[in-house]
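Each chain, letter by letter, is given below.
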Amino acid sequence: MRKNIVTAAGQDLSTGFKDFFDTIGLTGGGLVTKGIAAVIAIIAVRMLLQLSNDPKGALRKGGTAVGTLFVAVLLALYGDTLFSTVTTAKG
């Protein structure tokens, strides 16, 4: 007979999404930043898959795609820190 093994403490998620995002360590702004980075990464991969047969054009488009993918990775890693420095203007 197997016994149940508790591997993590229970979490109270009764207030909804705010508790969920707190448990995974993301805020609403951080989640949006990760989503934007994911969309940019998908666009960069699509650019890489559509390279032409012309060597010069393929090199140019490939370099652009790799640069776009690099920006997406940087945005995914450091975007929440970058955008946390932006404050709301007080009128």
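Residues numbered from 1 in each chain as written. Predicted model: local features only at pLDDT ≥ 70, side-chain atom pairs only at ≥ 80, totals over all residues. Heavy atoms only, no water.

A.B. asks: Looking at this model, I keep getting lost on a nonpolar patch on the surface. Mind explaining?
C.D. replies: Residues Phe70, Val71, Val73, Leu74, Leu77 and Tyr78 make up a contiguous nonpolar surface patch of about 590 Å² in total accessible area. Take Leu77: it is sitting in helix H3 (residues 55-84). Judged by relative accessible area, which is 52%, Leu77 ranks as exposed. (Patch = residues over 30% accessible without salt bridge, like charges linked within 9 Å, V, L, I, M, F, W, Y side chains within 5 Å. Areas by Shrake-Rupley, 256 points an atom, 1.4 Å probe, with all protein chains shown as cover. Salt bridge = Lys/Arg side-chain N within 4 Å of Asp/Glu carboxyl O. Helix = DSSP H or I, 4+ residues; strand = E, 2+ residues; numbered from the N terminus. Buried < 20%, exposed > 50% of the residue type's maximum accessible area, 1.4 Å probe, protein only.)

A.B. asks: Just checking my understanding: could you explain the environment of Ala58 for this structure?
C.D. replies: Here Ala58 is to be found in helix H3. Ala58 gets classed as buried once you look at its relative accessible area, which sits at 18%. Taking C-alpha positions, Ala58 is 9.1 Å from Leu48, a pair spaced 10 residues apart along the chain. In this view, Ala58 contacts Leu51 and Ser52; residues no more than four positions away in its chain are not counted. (Contact = heavy atoms within 4.5 Å.)

A.B. asks: Please explain the confidence of the model for the chain as it appears in this structure.
C.D. replies: Fine structural detail should not be taken from predicted coordinates in areas where pLDDT scores are low. In this model, the chain carries an average pLDDT of 77, and 68% of its residues clear a pLDDT of 70 or more. The secondary structure element of the chain with the lowest average pLDDT is helix H1 (residues 17-24), at 65, and the one with the highest is H3, at 85. (pLDDT = per-residue confidence, 0-100.)

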